[in-house]
Every structure is written in structure tokens, then in C-alpha cells.
Amino acid sequence: MYDCLIVGMGPAGMSAGIYAKRSGLKTIILEKNTPGGLINITNLVDNYLGYDNITGPELAMKMFEHVKNNEVEYKIEEVKKITKDNNIFKIETNKNKYEAKTVILAGGRQPRKLDLEEKLSDLKISRCAICDAPLYKEKDVLVIGAGNSAFEEGIYLSEFANHLTILARSEVKADEEMVETAKNKENITIIEGEEIKDVITENEAYKVITPNNTIKVDGIFSYIGYSPMTEYLSNLNILESTGYIETKETETLVPGLFACGDIIKKDLYQIVTATSEGALSATKAKKYLTELEK
């Protein structure tokens, strides 16, 4: 029996784990993939206090080392179902079953897929510039997306590519400074407000067809937003219409069940807000258990 079981080992989950363990709670974190979550596929983090220039994987590893130094128990397992019975949560994973007095949901979100990916089985889409940029050295690349991620990763990719096109299917939503940086790159072209009509595969290259352009590229990167990983929580009735979790200061509608990080509905999705929410979740879990034992 655990005092606190945490689902997800991104910045929010790792922060919650450290705070829960240091408050004396018997704690475990369950993560289905790699510690760090989405920051593992982020090229550069330059807005997290104390680190003005660090890669996403480096920051993820520093956070993970902090968790290990605090001797927080963790396992690589995927949570499949959570139920509650008489103030005890029962958690089923792909490997084991657990019981916990409180649960903190910090499973994050995942990149959305293009509609074309369902139709074209031979379409290879990358979502990690830091992972795949060297594969496209001196080649032509397309980045699909209108926000900061598309422009930030596109600027990074342009250091490798011969030519890079950023296709914003709607209006550009990235920060003005980032857009200006992209515009000042001689090998970056920005196309705004055009939907993809078709993609034709030619050997190992693609022809991407929009209403006004045919873009010939060797690789395609997609940054079109995210979807919360909350499907396994549908039985708890804590999700709003888009799949995110509704919370009040990290508290869900289920007593003893907390949520933090990118999995919750909020205005600002940043590492700093995720770590803050993780700390708050663990603090509230401790308070909940104290009240429960009175």
C-alpha cells in the first residue's frame, strides 16, 4: 500500500515525487516511456529559471537524477485503469496491480497526428528535430505548424537542411521574435493559411500539395498541437470535453485524486508551471491524508 502513487514522470510527476517523498509519504512513480516526457524531444529550453541554455534531454536527465538522489521509487509501467473503493485507489498497469491512498495524475499529453497519416501508410512523419535533424543534412524539409514549437524546431532544423519550409495551415501564432528569426534565415520559407490537399510519395521524397503550392521535400516534421493522454480515466468522470482534466488548484472532483502538468486544463503549458503544480499536488496529498487520519 502506497501513500501516494504518481502517474507520469515528466517535470510535474518528478516534482510531485520529490515533494511527496520529502514529506514522508511512501511514494512511487509509474512511467510508461522515458522520464522527462515531452522535454526529451525539445531541442532547446531557454526560459526555465536557472538554465538559460540547455537541451531538453539534458534538463530531463538532471530532473531524473534529482529524483534518484532523493530515492523516490519508480517503475516503467503503463497505467491501464484506476478505480476507487472505500478511500483506497486501485491501479492496474500492463504488469502489476497497486493500491494507494492518494493518486497524482501527471501523464502529460502527446503530439496530435495529421489526418493524412491515417490515409497514407507510407507517410513518415517526424516530431523530434533534435533526434532526426542530422538525417536531413543538406536536404529539403517541411515543418507543419503555426506555433512556437514549429518555428523553434524549424529554426533548429534549418541549421542542417538545404532549404526548409514552414507551413502554417492557419495564421501564424508563434512569438513575434521567433517569427522574425525565421524570416531572417535565408533558407527558410514561411507559407501561411494553406491546408494540405494531398501528399504524393516519390521514391523516398514527397510532393506536398496545397491550394497554391507544390512543395517538394525529403522529410516532413509535424508540430500541430497536443492531445492529453487521459483515455484510461474515462470511468472517473473527471474529464472535460477535450479530454483534459478539470481541476481546482490541482484537486479533481474525486477526493484524494490530484492532477498536474500538461494533463490539466489551464492557460499556460510550461515546464515551470508543471513543476509548480507537481509540488502543490504532493502538498495537497499530504494534507488530505492528514485530514483523513483525524
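Note: the structure precedes this text.
Every value quoted in this text rests on a predicted model; they were computed, and no experiment measured them.

Conventions used here
- Residues numbered from 1 in each chain as written.
- Predicted model: local features only at pLDDT ≥ 70, side-chain atom pairs only at ≥ 80, totals over all residues.
- Heavy atoms only, no water.
- Helix = DSSP H or I, 4+ residues; strand = E, 2+ residues; numbered from the N terminus.
- Buried < 20%, exposed > 50% of the residue type's maximum accessible area, 1.4 Å probe, protein only.
- Pairing = 2+ DSSP bridges.
- Axes fitted to C-alpha atoms, helices over the stretch in contact; angles between N-to-C directions.
- Left-handed = near helix turned anticlockwise from the far one by under 90°.
- Contact = heavy atoms within 4.5 Å.
- Disulfide = S-S within 2.5 Å.
- Phe/Tyr/Trp six-rings, centres within 6.5 Å; stacked < 30°, edge-to-face > 60°.
- Lys NZ or Arg CZ within 6 Å of the ring centre and 35° of its normal.

*Asks:* Please give an account of the environment of Val272 that cites residues and values.
*Replies:* On the secondary structure map, Val272 appears in helix H7 (residues 271–292). Judged by relative accessible area, which is 44%, Val272 ranks as partly exposed. Separated by 167 residues in sequence, Val272 and Leu105 place their C-alpha atoms 17 Å apart.

*Asks:* Report on the pairing of strand S5 (residues 88–93), specifying residues and quantitative values.
*Replies:* Two faces, one strand: in a regular strand the side chains alternate between the faces of the sheet. Of the pairings in the sheet, the one linking strand S4 (residues 79–85) to S5 comprises six bridges and is antiparallel in character. Its bridge partner being in S5, Thr83 is matched across the sheet by Lys90. Where S4 hands over to S5, the hairpin turn is made up of two residues, of which Asn86 adopts a positive phi near 55°. As paired strands, S5 and strand S6 (residues 97–105) are joined by four bridges and run antiparallel to one another. The residue of S6 that forms the bridge with Phe89 is Ala100. Connecting the antiparallel pair S5 and S6 is a turn made up of three residues.

*Asks:* Before we move on, can you summarise the environment of Ala168 with the specific residues and values?
*Replies:* For Ala168, the position within the fold is in strand S10 (residues 163–168). Residue Ala168 is classed as buried on the basis of its relative accessible area of 0%. Remark: the alpha-carbon pair of Ala168 and Ala150, spanning 18 residues in sequence, is separated by 8.7 Å.

*Asks:* Please provide a residue-by-residue account of unusual backbone geometry, values included.
*Replies:* Even without being glycine, Asn87 reaches a positive phi, approximately 70°. Tracing the chain through its elements places Asn87 in the loop between S4 and S5. The class for Asn87 is partly exposed, based on a relative accessible area of 38%. Positive phi outside glycine occurs at Glu138, with the angle close to 60°. Within the secondary structure, Glu138 sits in the loop between helix H4 (129–132) and strand S9 (140–144). Glu138 sits in the exposed class, given a relative accessible area of 65%.

*Asks:* How would you summarise the packing of helix H1 (residues 11–22) against H7 if you had to cite specific residues and measurements?
*Replies:* With their axes 7 Å apart at the nearest point, H1 and H7 run at an angle of 35° to one another. The two elements H1 and H7 meet at a crossing, and its hand is right-handed. Contacts between H1 and H7 involve Pro11, Ala12, Ser15, Ala16, Tyr19 and Ala20 from the first element and Ile271, Ala274, Thr275, Gly278, Ala279, Ala282 and Thr283 from the second.

*Asks:* Give me the state of the cysteines: which residues, what numbers.
*Replies:* Tallied over the entire structure, the rule returns one disulfide. Across a sulfur-sulfur distance of 2.0 Å, Cys128 and Cys131 are joined as a disulfide pair. The chirality of the disulfide connecting Cys128 with Cys131 is right-handed, given an S-S dihedral of about 65°. Here Cys128 falls in the buried class, since its relative accessible area comes to 6%. Given the relative accessible area of 45%, Cys131 is considered partly exposed. Cysteine Cys4 shares no disulfide, and the gap to the nearest cysteine sulfur, in Cys260, comes to 9.3 Å. When its relative accessible area of 1% is taken as the criterion, Cys260 is described as buried.

*Asks:* With reference to specific residues and values, describe the sheet that holds S9.
*Replies:* The five strands are arranged S8-S15-S9-S10-S11 in an open sheet whose pairing can be described as parallel. Edge positions in the open sheet fall to strand S8 (125–126) and strand S11 (188–192), since each of these has one partner strand only. Sheet topology places S9 next to strand S15 (residues 219–222); four bridges connect them, and they run parallel. Paired with Val143 across the bridge in S15 is Phe221.

*Asks:* Pulling in residues and values, what's your account of the packing of aromatic side chains?
*Replies:* Under the defined criterion, the tally for this structure stands at seven aromatic pairs. Centroid distance Tyr48 to Tyr51: 6.4 Å. Interplanar angle 10°. Geometry classified as stacked. A residue is classified by how much of its surface remains accessible, and Tyr48, at 18% relative accessible area, is buried. Taken together, a centroid distance of 5.6 Å and an interplanar angle of 75° make the contact between Tyr136 and Phe221 edge-to-face. Here Tyr136 is found in the loop between H4 and S9, whereas its partner Phe221 is found in strand S15, with 85 residues between them in sequence. The ring of Tyr2 carries Lys26 above its face, with NZ or CZ at 5.0 Å from the centroid. The ring of Tyr269 is capped by Arg109, whose NZ or CZ atom sits 4.1 Å from the centre of that ring.

*Asks:* So what about the pairing of strand S12 (residues 198–202)? Which residues, and what values?
*Replies:* In this sheet, strand S13 (residues 205–209) lies alongside S12 in antiparallel orientation, the contact comprising five bridges. Its bridge partner lying in S13, Val199 is registered against Val208. Two successive antiparallel strands, S12 and S13, enclose a turn made up of two residues, where Asn203 displays a positive phi of approximately 55°.

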